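The lines below spell out each chain.
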Amino acid sequence: MEITKKSFSDGFSWVLSALKLCLPKAPAFILKSFLASLVFALIFFIISAIGGLLAMIPILGYVISIAVAIVMFVLSLGFYCGFIRAIQTMIDNGNVTFGSFFFALKDTKFLIKIAPFAIIIGLAMSVVSGIIGYLCYLAIIKAESQVLFYVLLLLFVLVMVLMGIYATYALILFVQRNDPKIFATFSDTAKGLSNNILPVVGMYLGLAAVGIVLSLIGNILVSIFQSSPSAVMAIILGVIALVLYCGYFMHSLTSICISSKEIFVENGVKENVETEENTDSENQQ
């Protein structure tokens with residue numbers, strides 16, 4: 001795994017590249033993802049219902065409830081990884097099929113690896129948030145210092161945002177790797193983000209700008225609805241809002257996946273590219 005260093009302007013180029021890529025493909029992708037989500041929701045409901053019935057069994061009910069909760073967590077995580085893989089397939093100009101969203105749910109080995117990976121991230125975020133939350137409690141209750149409380153609260157928000165960004169990149173890199181390894185992914189993610197703080201900040205600023213534009217469009221639509229309220233208008237407004245939300249989620253995830261692909265380069269991929277270039281030059285000669 002080679003970690004490249006990008007510039008601040010690359011962050012905006014990732015957002016623009018994602019925008020160019022998503023605009024023509026968004027309708028088909030959103031439709032497929034929506035249908036996949038309905039199927040997953042049905043599977044989720046069936047397993048939850050069966051688990052609820054089995055939980056009524058005396059003595060074993062408690063154990064079954066825990067087992068079902070773990071299964072639900074792993075399935076939800078796997079389905080989210082399916083979204084990431086579908087985006088990565090789209091970036092590679094591959095054909096995003098309905099089954100692309102369920103790749104992780106069909107790969108038992110991947111699920112076995114991703115579950116402890118996510119649990120470690122979740123525990124780390126819980127411990128850090130708990131520590132800072134306790135410090136906030138001491139500041140406001142014991143020390144009776146509102147200034148210290150707000151400073152710690154700001155620190156809490158900042159740390160959670162940073163950990164959220166780290167967790168997102170770590171999960172994307174885990175799906176992106178040819179041979180995903182838990183601790184190697186943690187280490188590479190930390191190195192990659194520390195070497196590319198400015199471009200990542202630039203990318204999130206670009207995404208924030210896109211979000212503001214979509215919010216303005218939403219406010220305009222709401223004002224139009226208020227001028228002539230009707231049931232049909234409300235349905236149309238709801239559909240448009242849903243499409244805008246899904247489109248923004250797709251664009252944001254695509255931007256992050258593009259940045260991850262440029263920051264974290266698989267050695268094997270780079271070697272293959274160089275080999276192809278050498279072969280082409282030899283053929284030309």
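An account of the accompanying structure is given in this report. Quantities reported herein were computed from a predicted structural model and do not represent experimental measurements.

## Observations regarding the overall build of the chain
- Scanning the chain from N- to C-terminus turns up eight helices and two strands.
- Its helices and strands taken in sequence order, the chain reads β-α-α-α-α-α-α-α-β-α from the N to the C terminus.
- Seen through its C-alpha atoms, the chain measures out along the principal axes to roughly 75 × 55 × 50 Å.
- In the chain, buried positions account for 33% of the 285 residues.
- Here the analysis covers contacts within the chain between residues at least 6 apart in sequence; of these, 78% occur between residues at least 24 apart.
- Accessible surface computed for the chain: about 16,500 Å², of which carbon and sulfur atoms make up 73%.
- One way to put it: in the chain the 15 positive side-chain charges average out to a point 8 Å from where the 15 negative ones average out.

## Things to note about the pattern of salt bridges
- The full count for this structure, using the stated rule, is four salt bridges.
- Linking Lys 113 and Asp 179 is a salt bridge whose minimum nitrogen-to-oxygen distance equals 3.6 Å. Highlighted residues: Lys 113 in helix H3 (residues 108-142) and Asp 179 in the loop between helix H4 (146-176) and helix H5 (182-195), separated in sequence by 66 residues.
- With a closest N to O distance of 2.8 Å, Asp 188 and Arg 177 form a salt bridge. One end of the pair, Asp 188, is in helix H5; the other, Arg 177, is in the loop between H4 and H5, and eleven residues separate them in sequence.
- With relative accessibility at 11%, the residue Asp 188 sits in the buried group.

Cut-offs and rules
- Residues numbered from 1 in each chain as written.
- Predicted model: local features only at pLDDT ≥ 70, side-chain atom pairs only at ≥ 80, totals over all residues.
- Heavy atoms only, no water.
- Helix = DSSP H or I, 4+ residues; strand = E, 2+ residues; numbered from the N terminus.
- Buried < 20%, exposed > 50% of the residue type's maximum accessible area, 1.4 Å probe, protein only.
- Contact = heavy atoms within 4.5 Å.
- Areas by Shrake-Rupley, 256 points an atom, 1.4 Å probe, with all protein chains shown as cover.
- Lys, Arg positive; Asp, Glu negative; His and termini not counted.
- Charge placed at Lys NZ, Arg CZ, Asp CG, Glu CD.
- Salt bridge = Lys/Arg side-chain N within 4 Å of Asp/Glu carboxyl O.

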